[in-house]
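Chain by chain, the residues:
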Amino acid sequence: MSNLNDLTPPQQQAVEHIEGPLLVLAGPGSGKTRVITRRIASLIENGVRPHQILAITFTNKAANEMASRVEDLIPDRRVWISTFHRFCARLLRSRADLVGLQSNFSILDSTDQQTLMRQILNDLDFDTVQYAPGKIAAIISRAKNKLQSAEEFERARGESIGTHLDAVASQVYRDYQQRLRTSNAVDFDDLLLHVVTILSENPELRSDLDERFRYVLVDEYQDTNLAQYRIVAALSQDHPNLCVTGDPDQSIYGWRGAQIDNILRFESEFPQARVVRLEENFRSTASILRTADCLIANNVQRKSKSLTTSNPDGTPVQLLTFEDGHQEAELIARRIRKAFEDDGRKWSDFAIFYRVNSLSRELEHALNRQAIPYQVVAGLAFYERAEVKDLLAYLRLVNNRDDRAAFLRVVNKPLRGIGKTTQSKLNVWANSQNRSLWEAAVNAKDVPGLSKRAVGLLTRFVNLIESMSMADAGSVADLMRTIIDKIDYTRPWEGSPSEQDLQRLSNVNEFLSAAEQYDEQAADERSLEGFLETVSLATDVDRFDESAGRVALMTLHAAKGLEFPAVYVVGVEEELIPHKRSTRENDPKQIEEERRLLFVGMTRAMEELYLTQTRRRAIHGRMLETIRSPFLGEMDLVDVDCSEFEWAPDHAWISQTAANSDLGDDANSAAPTLDRRKPLLTTGAALLNGESHAAEIPAGFSMGMQVRHPRHGLGTVVELSGFSKRRTLTVEFQQDGRRVTYIASKCPLQPVGSG
DNA sequence: TTCCCGTCGTTTTTT
DNA sequence: ACGACGGGAA
């Protein structure tokens, strides 16, 4: 029996609980993950078989972390730890037949989804401007989250007033599901929805699974939607050993169908449930915790709890006021640089959170000017890049011929004369026959109106895909190389000096190395299907690298679950926090979610927390006076007015190096702004590093990253070690496969692209 | 088939 | 300010 002395009494209670439902209400920083992993270990020590345990999280990142911590505690036990979607995907693959799918179904990403919506809207002769595919998709997604089928949605709509948009969505919903079915494809919502259907329509299967997963744990339970609730409940009927953990105060996905009620109602749902409250915070200083607690106390819809900590008071939470967004970004960057130089802070100690992604740009510019390395969580997703999507579409088509989105993406790429006219004829035939586009292509000679030439071209395409799938022998990377080869995909860009083409080649290479990585990791279980699943369920947040040694920039939503010594929450202004959209309908629920969002952001901070606001801010290009956020009045904050700051180079708290950078270019300029001219970047940072290409230095390097050397050309980072000045990296060059090791701060290597 | 230009709509997005 | 989409010209 393991020692529980390092846990607080409530933590021990949660860890030692074995049979029956358990609700763990865990405040921020209360050691929740620790409790969950220790409890899993404790279950196993008490004789529960590992495969009877199912732990569900929302993000891959959380799942991976939990898995590795469980592995540390009790090595080599196979506990199923997975995200909701991945769990459902697995389950669905094994019983796809029950909902009319084949086990090799494709998972559509949101881009594919919208493209499909657009096509349907066009086919139904709806204006895609007035009825934006994204909006229709959102309505349908909301319906699915409420477990409404197309028919049920239609019926529910008939009973209420319903907008025009709803009426269109209802029509589209039907066709959309129809096309998904003929494509042998599902969207993210369907993964959950189909599993709910399977569980409710097949009682024996349900009870088998209930029996098999005798101990179910769900993390971040406050973010579950109706479908997820149903799945969890279905697995916990005969063996209600259901443990859910979460914090109603951190529910920030209501707009996506999450039902905060699921956690609020848990006790009435399971009257025999034991409730454990983890209210002691081990993360933040007392000042930070007190301030956040004051804010959240203004919410009505919550389980009140008292957050405590024995951490020192620390510095008070400050409210920094700036003249505008430009000054805000610039001064935050300088403050971070100063803390790095004077207080021994690491870059990775800092995080900057904002409500909307558009605020990141100004911050990025400022960090660049200060030569501060940073990473933006989100931005253009790797898997959204055109080259990656193209190759992915070929892989998907090889895996599932009926995949409509994949077919359309590659049928004429590279150009092979199968244009719009041919495609639309295939489409008409496929829709009328309820067959897939692939089947239409295979039966091209039966499709009315196709020219002899078109039939020939389609046959060639069909043969091409068939020949690709012959090459599918396990290794995904090998298959991908075959595909690239067969279509001469990279030919047009090879040897081209243009930046864009280099970028394209590097995207292809990065994707290839992702496939190689998968091959290696999945070892003998590797399969095309497995790779595609991994890819389509991957997200940007998963790519956040805590060890990258950079300042982190992300939205407040993405910040959940993370912690940083020093945090800036920018743009705490009316219309931003709370966001305009949430105040419009005057719905207190929506305002409360905004308050929770700010609460989540604030409680990420361990030692220092700064909220910032501006007097004027440019929104969509227009400079507007800001209005004070009502949330600011709910907290005790130390006011610091930074708006008088002048850009004089000798200002007291500008660091020497940063000041130099101003002298370089801007000392004489009349306008009190630092512009984005290239020379400034080079000059300022050059002084910092005594080199002429300083703009290249700030960007950190990461494993697998594509870099370019002025003489050796393109290469891949294959090894990293050491920190800051002693950071070294090894690069394998493409042209000759040679490996060279460099000191990160003194090499002429330039990262290719933004990933 | 492709490319260029004008119009429009701009939250958050675990999967 | 900026990007995405759709229509029209080449």
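Calculation criteria
- Residues numbered from 1 in each chain as written.
- Chains lettered and ligands numbered in written order.
- Predicted model: local features only at pLDDT ≥ 70, side-chain atom pairs only at ≥ 80, totals over all residues.
- Heavy atoms only, no water.
- Axes fitted to C-alpha atoms, helices over the stretch in contact; angles between N-to-C directions.
- Helix = DSSP H or I, 4+ residues; strand = E, 2+ residues; numbered from the N terminus.
- Parallel < 35°, antiparallel > 145°, perpendicular 65-115°, else oblique.
- Left-handed = near helix turned anticlockwise from the far one by under 90°.
- Contact = heavy atoms within 4.5 Å.
- Expected span 1.5 Å × (residues − 1).
- Near = heavy atom within 4 Å.
- Polar contact = N/O pair within 3.5 Å; in protein donor to acceptor, adjacent residues only side chain to side chain.
- Buried < 20%, exposed > 50% of the residue type's maximum accessible area, 1.4 Å probe, protein only.
- Pairing = 2+ DSSP bridges.
- Disulfide = S-S within 2.5 Å.
- Patch = residues over 30% accessible without salt bridge, like charges linked within 9 Å, V, L, I, M, F, W, Y side chains within 5 Å.
- Areas by Shrake-Rupley, 256 points an atom, 1.4 Å probe, with all protein chains shown as cover.
- Salt bridge = Lys/Arg side-chain N within 4 Å of Asp/Glu carboxyl O.
- Lys, Arg positive; Asp, Glu negative; His and termini not counted.
- Charge placed at Lys NZ, Arg CZ, Asp CG, Glu CD.
- Core = buried A, V, L, I, M, F, W, Y, C linked by side-chain atoms within 4.5 Å.
- Arc of directions from axis to C-beta.
- Phe/Tyr/Trp six-rings, centres within 6.5 Å; stacked < 30°, edge-to-face > 60°.
- Lys NZ or Arg CZ within 6 Å of the ring centre and 35° of its normal.

Caption draft 1: Representation of the packing of helix 15 (residues 325–342) against helix 16 (residues 360–369) within the structure. Packing of helix 15 against helix 16 brings their axes to within 8 Å, and their N-to-C directions diverge by 40°. Of the possible angle classes, the one that applies to helix 15 and helix 16 is oblique. When the axes of helix 15 and helix 16 are compared, the crossing they make is right-handed. Judged by residue contacts, Gly325, His326, Ala329, Glu330, Ile332 and Ala333 of helix 15 engage Glu362, Leu363, Ala366, Leu367 and Arg369 from helix 16.

Caption draft 2: The arrangement of helix 8 (residues 164–182) in detail. Between the first and last C-alpha of helix 8 there are 28 Å, a value that for 19 residues agrees with the 27 Å anticipated at 1.5 Å per step. Looking one or two places after helix 8, you find asparagine 184, whose phi comes out positive at around 50°.

Caption draft 3: Representation of the protein's contact with DNA strand B. Contacts to DNA strand B come from 28 residues, most closely from Arg355, Leu415, Gly419, Thr539 and Arg581. Counting only atoms of DNA strand B within 4 Å of the protein, the fraction found in sugar and phosphate groups is 51%. A distance of 2.3 Å separates a base oxygen of DNA strand B from a polar side-chain atom of arginine 355. Separating a phosphate oxygen of DNA strand B from a backbone N or O atom of lysine 420 is a distance of 2.7 Å.

Caption draft 4: Spatial organisation of the side chain of serine 170. Considering the arrangement of structural elements, one finds serine 170 in helix 8. For serine 170, a relative accessible area of 1% translates into the label buried. In this view, serine 170 contacts Phe153, Glu154 and Arg157; residues no more than four positions away in its chain are not counted.

Caption draft 5: Examining the pairing of strand 2 (residues 53–57) more closely. Of all five residues making up strand 2, five are buried, and the element is well covered by its neighbours. Of the two faces of strand 2, the one holding Ile53, Ala55 and Thr57 and the one holding Leu54 and Ile56 are both buried throughout. In the sheet, strand 2 pairs with strand 6 (residues 215–218) via four bridges, with the strands oriented parallel. When the bridges of strand 6 are listed, isoleucine 53 appears paired with tyrosine 215. In the sheet, strand 2 pairs with strand 3 (residues 80–83) via four bridges, with the strands oriented parallel. The partner of isoleucine 56 across the bridge, within strand 3, is serine 82.

Caption draft 6: Fine view of the state of the cysteines. As enumerated under the stated definition, the model contains zero disulfides in all. We note that cysteine 88 lacks a disulfide partner, and the nearest cysteine sulfur, in cysteine 243, lies 19 Å from it. Its relative accessible area of 0% is what places cysteine 88 among the buried residues.

Caption draft 7: Structural context of a positive patch on the surface. Among the surface-exposed residues, Lys135, Lys580, Arg581 and Arg584 lie close enough to one another that they form a single positively charged patch. It is helix 25 (residues 580–584) that provides the largest number of residues to the positive patch, a total of three residues. Looking at the element boundaries, arginine 584 is found in helix 25. Judged by its relative accessible area of 58%, arginine 584 is exposed.

Caption draft 8: Representation of the sheet that holds strand 7 (residues 241–246) in the model. The strand order 3-2-6-7-1-8 describes an open sheet built from six strands, whose pairing is parallel. What marks the edges here is a single partner per strand, and that holds for strand 3 and strand 8 (274–278). On average, each strand axis in the sheet is tilted by 15° relative to the strand beside it, whichever way the strands run. The sheet contacts of helix 3 (residues 60–73) involve strand 2 and strand 3, and relative to strand 3 the element is tilted by about 165°.

Caption draft 9: Summary view of the nonpolar core. Formed by 63 residues in total, the largest nonpolar core has its most connected members in Ile352, Met554, Val569 and Leu611. Per-element accounting of this core gives the leading share, six residues, to helix 15. The contacts of methionine 554, once residues within four sequence positions are left out, are Ile352, Phe353, Tyr354, Val377, Phe544, Ala559, Leu562 and Phe564. Formed by 52 residues, the second largest nonpolar core is a distinct cluster that contains Leu391, Ala406, Ile418 and Leu437.

Caption draft 10: Quick look at helix 22 (residues 476–486). Of the positions making up helix 22, those classed as buried are Val476, Ala477, Leu479, Met480, Ile483 and Ile484. One side of helix 22 carries all its buried residues, which in axial view fall inside an arc of 160°. Directly after helix 22, the chain includes aspartate 488, whose backbone phi takes a positive value near 50°.

Caption draft 11: Highlighting the pairing of strand 1 (residues 22–26). Among the five residues that make up strand 1, five are buried, leaving the element largely enclosed by the rest of the structure. Burial of the side chains of strand 1 extends over both faces: Leu22, Val24 and Ala26 are buried on one face and Leu23 and Leu25 on the other. Bridge count between strand 1 and strand 8: five bridges; the pairing is parallel. Following the sheet pairing, alanine 26 is matched in strand 8 by leucine 278. For strand 1 and strand 7, the ladder comprises four bridges, and the chain directions are parallel. Directly across from leucine 25, in strand 7, lies its bridge partner glycine 246.

Caption draft 12: View of the protein's contact with DNA strand C. Taken together, Arg118, Thr128, Arg361, His620 and Gly621 make up the full set of residues near DNA strand C. In the interface set of DNA strand C, defined as its atoms within 4 Å of the protein, sugar plus phosphate atoms amount to 69%. In this structure, threonine 128 approaches DNA strand C through a side-chain N or O atom, which is 2.7 Å from a phosphate oxygen.

Caption draft 13: Structural context of the packing of aromatic side chains. Applying the stated criterion across every chain yields a total of 16 aromatic pairs. Put simply, the rings of Trp80, Phe87 and Phe213 touch in pairs and so form one group of aromatic residues. Positioned over the ring face of tyrosine 229 is arginine 265, at 5.9 Å from the centre of the ring. Geometry around tryptophan 438 places arginine 401 over its ring, the cationic atom sitting 5.6 Å from the centre.

Caption draft 14: Summary view of the environment of aspartate 324. Locating aspartate 324 in the fold gives a position in strand 9 (residues 318–324). Distance from aspartate 324 to threonine 614, taken between C-alpha atoms, is 5.0 Å for residues 290 residues apart in sequence. Within polar-contact distance, the side chain of aspartate 324 engages the backbone nitrogen of glutamine 327 at 2.9 Å.

Keep in mind that these numbers describe shape and distance, not what the molecule does.
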